[in-house]
Amino acid sequence: MNYEALKSIMLLLLVAASGILTWSLWTYQPKYEYDDKKYVHEISIADQVDAVSVIKPTRVLFHMDDSHFGTVNEKNIDKLINSISSWNFYDIGHARKYTNQQIHQLSHSKNRIEITYPDLVPFDLYKGIIHLETDNFPNAAFNRIVINLDNDTTEGSIYFISTKDEIVYESHVNPDRITALVAEIKRNKDKYDPYLPYKLPKSERIMFLPSESKELVRYKYYPFYIDPEKFKNALFSDPSKVRRDIMANGEKFTDDLSLMDVDYMTNMIFYINPGQKAGTVLKNIDNHVLKRSINFINEHGGWTDHYRYFNIGDFDQKATFQLFMNGYPVFNENGITEIRLSWGNEEIYQYKRPYFSLDIPLPGQTKVRVPSGEIALNTLLEDAELNPDLLQELMIGYKLGKDSTISKALVLEPSWYYLYAGSWLPLDVDDERRNFSGLE
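Attention here is on the structure that accompanies the text. From a predicted model like this one, the values you see are computed outputs, not experimental measurements.

Turning our attention to the overall build of the chain. Helix and strand counts for the chain come out as 8 helices and 26 strands. Classification of the 440 residues of the chain by burial places 49% in the buried group. Partitioning the contacts of the chain with sequence separation of at least 6, the portion at a separation of at least 24 is 67%.

Okay, here's the thing in structure tokens:
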């Protein structure tokens, strides 16, 4: 082999090696170790709950034996829901459109149980209660369950109703289950309150209200205040980079993306992620909003008191959880008994909530007699400016405020409340007015 031939072979080898090296550099992908999950803090401020624990009925009515009786007692309602959770639902039919009058007839006819929820509940989130044999749940929601107690067919009928959309789904169970439930209800009828229907003026609407006055406890508590630093550590992606500024009546936490205000006057925190614009939906309920909200609060153990699902936005991605006491919602005009969430297109946009809990009950609780539903409704209708068409609900609740006799104590005062044009307002039946503006 002469010198020129050797040079040609060496040059060919170098070109081939260069090509292999270039290809390797182009196609090389280093094996980095990474986690595609977002940064999640191991922060647990209080408890975690499952969806069924916060999605509860506000009232159950029994239309039986030519009378109406019902309960808001949480233990009584839980017992009924636990019974239903043991049933096997054969099917859920297609959605059927009903008029308001047809829904009223379906719900309030003789031999019906009417289970009312505070707002729409997605079927998907209620699988822990509704055990459907086919597991083919509708992509829909309901805010009322009606059980037909007439046992004259081979199948017991259950209706899932959305009064907002005027939609009804019918399902069926073994009629023996309903027979056993009727017997249980009749055995415990003395535990329930009598109700009567009241027709609103200039309207076809009927409200079922307690027909007798009721004696309720006026509670007093010392609150437990949660260090806002815990919420800072839970809500910000990197707490070490958060700046803290002391304000006149609170403090402010900020990083490059988010802000959290702490209000000492109301004992509320308000977290906002401005980069997440408020999201909107084009249907009455986004099934994911309620689920995402429960999961978000669970991530940092944010169930600091007995909060329950209370409201979801009709056309926006918002959810509200309300403080409850013995089956009654607790209200305050500054919203210090609510957890409110607003979602952006990807993440939480706004999160507003109290940073205290009702901790130590004080001895010597007194009782208050709350007027009947008839007196409450008549008092409300005496207001000449009230439009009955805008009256959505009327129920007993609690007012939360500062106690005037015990320093640093909170008082829960029984009172009638009404939902009017989307807002809950107190009804001063006996003209008793007190200062329930917030906490200091």
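Now that the structure has been shown, the text picks up again.
So, on to the pairing of strand S13 (residues 243-247). Summarising the sheet, S13 and strand S14 (residues 250-254) pair through 5 bridges and their orientation is antiparallel. Looking across to S14, one finds that Arg244 is bridged to Phe253. Between S13 and S14, which pair antiparallel in sequence order, lie 2 residues.

Below, the discussion takes up unusual backbone geometry. The phi dihedral of Asn111 is positive, around 65 degrees, even though this residue is not glycine. With respect to the helices and strands, Asn111 occurs in the loop between helix H4 (100-108) and strand S5 (112-122). Backbone geometry places Lys202, a non-glycine residue, at a positive phi of 55 degrees. Residue class for Lys202 comes out exposed when judged on its relative accessible area of 86%.

Quick look at the nonpolar core now. Of all hydrophobic cores here, the largest spans 103 residues; its most connected members are Ile55, Ile113, Ile115, Ile147, Phe160, Phe321 and Leu394. For Leu394, the contacting residues outside a window of four places in its chain are Met207, Leu209, Ala376, Leu377, Leu380, Trp416, Tyr417, Tyr418 and Leu427. Listed in part, the 7 residues of the second largest apolar core include Ile103, Leu106, Ile161 and Val168.

What follows covers the pairing of strand S26 (residues 423-427). Note: strand S25 (residues 410-420) against S26, 5 bridges, orientation antiparallel. Each bridged residue has a counterpart across the sheet, and for Tyr418 the counterpart in S26 is Leu425. Hairpin geometry of S25 and S26 is characterised by an intervening segment of 2 residues between the two adjacent antiparallel strands and by a positive phi of about 55 degrees at Ala421.

Under the definition given, this model contains 27 aromatic pairs. Plain terms: the ring middles of Phe310 and Phe324 are 5.9 Å apart, the flat faces sit at 70 degrees to each other, and that makes the pair edge-to-face. Of this pair, Phe310 sits in strand S17 (residues 307-312) while Phe324 sits in strand S18 (residues 318-325), and the two are 14 residues apart along the sequence. The two residues Phe310 and Phe324 agree in class, both being buried. Ring pairing ties together the aromatic residues Trp87, Phe89, Tyr117, Phe123, Tyr126, Phe142, Phe160 and Tyr169, which thus form one cluster. A cation sits over an aromatic face here: Arg308 above Phe324, 3.8 Å from the ring centre.

Bringing the sheet that holds strand S8 (residues 156-162) into the picture now. The sheet built from 9 strands is open, its strands ordered S4-S9-S8-S7-S5-S1-S2-S10-S11 with antiparallel pairing. Every interior strand has two partners, whereas the edge strands, strand S4 (96-97) and strand S11 (206-210), have only one. Pairing of strand S7 (residues 141-148) with S8, which is carried by 4 bridges, proceeds in the antiparallel orientation. Residue pairing in the sheet places Ile147 in a bridge with Ile158 of S8. Taken strand by strand, helix H8 (residues 373-381) contacts strand S10 (193-199) and S11, and its axis lies near 130 degrees from that of S11.

Here the focus is helix H3 (residues 74-85). Counted at 1.5 Å a residue, the expected span for H3 with its 12 residues is 16 Å, and the 16 Å between its end C-alpha atoms agrees. Looking only at H3, the buried set comprises Glu74, Asn76, Ile77, Leu80, Ile81, Ile84 and Ser85. The backbone nitrogen of Lys75 lies 3.0 Å from a side-chain oxygen of the residue at the head of H3, namely Asn73.

Buried within H8 we find Gly373, Ala376, Leu377 and Leu380. Each buried residue of H8 lies within a common arc of 95 degrees when the element is viewed along its axis, so the set occupies one face. Buried residues along H8 sit in contact with S10, S11, strand S24 (391-402), S25 and S26.

Here we take up the environment of Thr379. Tracing the backbone shows Thr379 in helix H8. Linking Thr379 and Leu427, residues 48 residues apart in sequence, is a C-alpha distance of 8.3 Å. Side-chain polar atoms of Thr379 contact the backbone oxygen of Ile375, separated by 2.8 Å.

This part covers the environment of Asp261. By the secondary structure assignment, Asp261 is in strand S15 (residues 259-263). For the pair formed by Asp261 and Lys352, sequence separation is 91 residues and the distance between their alpha carbons is 9.5 Å. Apart from the residues within four sequence positions on either side, Asp261 is in contact with Glu251, Lys252, Met268, Ile269 and Phe270.

Time to look at the side chain of Thr320. With respect to the helices, strands and loops of the structure, Thr320 is situated in strand S18. We classify Thr320 as buried; its relative accessible area is 6%. There is a polar contact of 3.5 Å between the side chain of Thr320 and the side chain of Arg340. Apart from residues no more than four positions distant in its own chain, Thr320 is found in contact with Arg308, Tyr309, Phe310, Asn311, Glu338, Ile339 and Arg340.

Parameters and conventions
Each chain carries its own residue numbering, running from 1 in the written order of its sequence. Totals for whole chains, interfaces and linings use every residue, but because this is a predicted model, local features are given only for residues with pLDDT of at least 70 and side-chain atom pairs only at 80 or more, for both listing and counting. Remark: hydrogens and water are excluded; side-chain values derive from all non-hydrogen atoms of the structure. Secondary structure elements follow DSSP: runs of H or I of four or more residues count as helices, runs of E of two or more count as strands, with numbering from the N terminus. Relative accessibility decides the category of a residue: with a 1.4 Å probe and only protein chains considered, values under 20% of the type maximum give buried, values over 50% give exposed, and everything between is partly exposed. The contact definition used throughout considers only heavy atoms, calling two residues in contact when any of these lie within 4.5 Å. In this scheme, strands are said to pair when DSSP sees at least two bridges between them. Throughout this description, the term nonpolar core refers to a set of buried Ala, Val, Leu, Ile, Met, Phe, Trp, Tyr and Cys residues connected via side-chain atoms within 4.5 Å. We call Phe, Tyr and Trp rings a pair once their centres come within 6.5 Å, taking the six-membered ring for Trp, and we label the pair stacked below 30 degrees between planes, edge-to-face above 60, and tilted otherwise. Here, a charge over a ring means that NZ of Lys or CZ of Arg falls within 6 Å of the ring centre while also lying within 35 degrees of the ring normal. Interaxial angle, 0 to 180 degrees, is taken between N-to-C directions of lines fitted to C-alpha atoms, where a helix line uses only the stretch in contact. Each residue after the first adds 1.5 Å to the expected span of a helix. Counting of polar contacts relies on pairs of N or O atoms within 3.5 Å, with two restrictions inside protein: one atom must be capable of donating a hydrogen and the other of accepting it, and residues adjacent in sequence are counted only when both atoms are side-chain atoms. Directions from the helix axis toward the C-beta atoms define the arc.

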